[in-house]
Amino acid sequence: MFERRPTRQIVLGDERVGIVRIGGGAPTARHPEATLDSAAEDGGPAPVVVQTMTAGYTYDVDACVMEINKLAAAGADVVRVAVPEKKDTAALKEIIPRVRVAIVADVHFHFQRALEAVEAGVHKIRLNPGNISDRAQVDEVIDACKAQGIPIRVGVNEGSIIERKDKQQRKEELGKFFEKSNVGGHNAHLLALMIVKLEEYMDIFTARDFHDVCISAKSMDAAFVVDVYREVSRRFDYPLHLGVTHAGPKETGAIRSIAALSGLLCQGIGDTVRISYANDPVFEVEDGLELCYSLSLRERKGVDLIACPTCGRIQVDLFTLVQDVRKKLAADIRVPMKVAVMGCVVNGPGEAEGADVAVFAGDRKGIIYVQGERVANVTEEEILERLHAECMAFQDRVERGEAKLGEKVVEIVPPDPIGELGSGEAIIARGDVSTVTPLTVGGE
Ligand code: SF4
C-alpha cells in the first residue's frame, strides 16, 4: 500500500549478530516478504528496522548485557547504548561479544568516545556533529568509521541547533527564534534552522566522501516531526531514522510517537524507527514492531491478537482475559496466527471472521473455534489454558504443513442475523452503491 522512498542503504552488524540493512532499494513498493538479509538481493528497500536504547548504565556490564538481551528477545533489530565516559566504551569490549544484536554507540561531546567505541567493535555510531567542538575531531571519527566500514547516524534535534557555548550568541539566536515564533513562524523558523544545521553537518561527511550515513531530525512536536522529515527526505537520499524526542510518559508518549511516525511511514518516509518514552524500552520495541506490522511494513512474527472492546453485553472479565492471553501466547507462539478474544456471540463472530483461533465468551463460559471448527465449550476459568493449548496444537499443525494460516476462518451464524436490511453485499447488489473507489493514503 505504501510506496517506500528509495534511499541509499546502510548495512550494519556481522555474521555473529546478524546483518541489518537500513533503507535502500529501487523505487518499488514495500517488500513485505523480504527478510532483513534479503532486501539488497532483490533491490528493494529493507523492511523497516525497529530499534531502541538501553535505560541502564553501559559500564555496568552484566546488567547492560542482560538488558540488551531482553530487548533483542523482545524483537529489537538494533540496540543503542550511551557511552558518556571512558568506562562505558571500555565496557563495550566486554558487552559486544556477549550479545547477539547490532549495537550502536550514542556519542555526545567527546569524540574520543566514538573512536574508542569503533575500536571496541561497535556496529554503528550515533553522532551529533554540533556537539563536537572541533571539525578536525569530527573528521577523525569519520575516518575511523570509514576504515572499519561502520555507518554513522547523524542526528540533530530541536534542542541542539542553537548556540550553546557563546552566551551572547545564544541570547541573540534565541531572541530571533522567539521573535519569529511570535509572528506565527515558529515551525517554519525551527524547520529552517534544523535543515541549515543538517546541511552544514552533511557537508562535512560529503567532503570526506563518506556516505555510510543515516539521518535523524527529532522534535517533541509530532506535527513538526512530520514536517521536518518530509523536508529532509526531499533534500537527502540517505535512509532516515524516525523518532520523536522527549515524547513523555508511555501513556501519551506512545501516541505522540505513533502519530508522527505513522504519518511519515504512510508517505513512504522512514527506514528505521524508535518509539521512545519514559518507560521500560521493551515496550518501545513492542510498540515499534506493532506499528510496522499494522502498516504491513514487516512480516508479522507471532500472534496477531484481536479483541473486542467490551460493552454492556459482557459476561466475563474480558480485560484480564485478554492481557493473560497476550502474555501467554507471546511466549509460545511463533507463527503469525490470528487469534480473537470476543466478549459475546452477538457481534463477536462477525468481528472475529478471519481469525484462525477464536473464543467467544458468554454466561461465564467460552466457546473455542479453530479455523471454523468448534473444538471446546469451557468454563470462564478454563478459557486461558484451553485457548493456549488449542493455539499450540494449531501451531504444530501449521509447522508440520498440515494446516495453513488464514485458510479456513471462523464461520458462525450469530443468534442475531443480519435481518431484512441485508448485508453490505446486498446493498451493492441492489445497486444502491454504484462504484466504490478505494481510498489512497500518502503520496507527496
Ligand atoms: S463482542 Fe459482544 S461484548 Fe464485545 S463489544 Fe461486541 S457486542 Fe459487546
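What counts as what
- Residues numbered from 1 in each chain as written.
- Predicted model: local features only at pLDDT ≥ 70, side-chain atom pairs only at ≥ 80, totals over all residues.
- Helix = DSSP H or I, 4+ residues; strand = E, 2+ residues; numbered from the N terminus.
- Contact = placed C-beta atoms within 7 Å.
- Axes fitted to C-alpha atoms, helices over the stretch in contact; angles between N-to-C directions.
- Parallel < 35°, antiparallel > 145°, perpendicular 65-115°, else oblique.
- Left-handed = near helix turned anticlockwise from the far one by under 90°.
- Pairing = 2+ DSSP bridges.
- Nonpolar A, V, L, I, M, F, W, Y, C, P; charged D, E, K, R; others polar.
- Core = buried A, V, L, I, M, F, W, Y, C linked by C-beta atoms within 7 Å.
- Buried ≥ 20, exposed ≤ 12 C-beta atoms within 10 Å, placed from the backbone.

**Considering the overall build of the protein**
When you go through the protein residue by residue, the secondary structure sums to 13 helices and 15 strands. Within the protein, contacts between residues at least 6 apart in sequence are counted, and of these 63% link residues at least 24 apart.

**Some remarks on the packing of helix 2 (residues 61-74) against helix 9 (residues 281-294)**
At a minimum axis distance of 9 Å, the contact between helix 2 and helix 9 shows a crossing angle of 20°. As summarised for this structure, helix 2 and helix 9 are arranged roughly parallel, according to the angle between their axes. When the axes of helix 2 and helix 9 are compared, the crossing they make is right-handed. On the side of helix 2, the interface is formed by Lys70, Leu71 and Ala74, while helix 9 contributes Pro281, Val282, Val285 and Glu286.

**Structural notes on the sheet that holds strand 9 (residues 241-243)**
Ordered by their spatial adjacency, eight strands build an open sheet running 8-7-6-5-4-3-10-9, and the pairing between neighbours is parallel. Pairing within the sheet leaves two strands with one partner each, and these edge strands are strand 8 (213-218) and strand 9. Neighbour to neighbour, the strand axes of the sheet diverge by 25° on average, direction disregarded. Two strands pair when backbone bridges link them, and strand 6 (residues 124-127) and strand 7 (residues 152-157) are joined in this way by three bridges, in the parallel orientation. Following the sheet pairing, Arg126 is matched in strand 7 by Arg153. Taken strand by strand, helix 7 (residues 222-235) contacts strand 8 and strand 9, and its axis lies near 150° from that of strand 8.

**With respect to the sheet that holds strand 15 (residues 373-379)**
One open sheet holds the five strands; their spatial order is 11-12-13-14-15, and the pairing between them is mixed. Among the strands making up the open sheet, the edge pair consists of strand 11 (304-307) and strand 15. The average angle at which neighbouring strand axes cross in this sheet is 15°, direction not considered. Relative to strand 14 (residues 365-370), strand 13 (residues 357-362) runs antiparallel, the two sharing six bridges. Note on strand 14: the bridge partner recorded for Ala361 is Gly366. With respect to the sheet, helix 10 (residues 318-332) is in contact with strand 11, strand 12 (338-342) and strand 13, its orientation differing from that of strand 12 by roughly 160°.

**Considering the packing of helix 3 (residues 86-95) against helix 4 (residues 111-120)**
Running from N to C, helix 3 and helix 4 point in directions that differ by 10°, and their axes come no closer than 8 Å. Taken together, the axis directions place helix 3 and helix 4 in an arrangement best described as roughly parallel. Along its contact with helix 3, which presents Lys86, Thr89, Leu92 and Lys93, the element helix 4 presents Arg113, Glu116, Ala117 and Ala120. Partitioned by chemical class, the residues of the contact of helix 3 with helix 4 number three nonpolar, one polar and four charged.

**Looking at the environment of Pro129**
Considering the arrangement of structural elements, one finds Pro129 in the loop between strand 6 and helix 5 (135-148). Expressed as a C-alpha distance, the spacing of Pro129 and Lys197, which sit 68 residues apart in the sequence, is 9.4 Å. Each residue touching Pro129, except ones within four places of it in the same chain, is listed here: Val138, Val154, Tyr201 and Ile204.

**Thoughts on the nonpolar core**
Ranked by internal contacts, the top residues of the largest apolar core, which has 82 residues, are Ala105, Val122, Ile125 and Tyr229. Not counting residues up to four positions away in its chain, the partners in contact with Ile125 are Val104, Ala105, Val107, Ala114, Ala117, Val118, Val141, Cys145, Ile150 and Ile152. Core analysis: the next-biggest nonpolar cluster, separate from the first, contains 31 residues, Leu329, Met342, Phe360 and Ile367 among them.

**A closer look at the pairing of strand 1 (residues 9-14)**
Most of strand 1 is tucked away: five of the six residues are buried. Bridge count for strand 1 against strand 2 (residues 18-23) is six bridges, and the pairing is antiparallel. Looking across to strand 2, one finds that Val11 is bridged to Arg21.

**Re unusual backbone geometry**
You will see that His246, though not glycine, has its phi angle at about 50°, which is positive. Its place among the elements puts His246 in the loop between strand 9 and helix 8 (250-265). His246 gets classed as partly exposed once you count the C-beta atoms within 10 Å, which come to 16.

**What about the environment of Val65?**
Residue placement: Val65 occurs in helix 2. Given 18 C-beta atoms within 10 Å, Val65 falls into the partly exposed group. In this structure the C-alpha to C-alpha distance between Val65 and Ile96, which are 31 residues apart in sequence, comes to 8.3 Å. What Val65 contacts, discounting residues up to four positions off in sequence, is Ile95, Arg98 and Val99.

**Digging into the environment of Lys124**
Among the secondary structure elements, Lys124 is positioned in strand 6. Through-space distance from the C-alpha of Lys124 to that of Leu12 is 6.7 Å; in sequence the pair is 112 residues apart. The contact partners of Lys124, leaving out residues within four places of it in the chain, are Leu12, Ala102, Val104, Ile150, Pro151 and Arg153.

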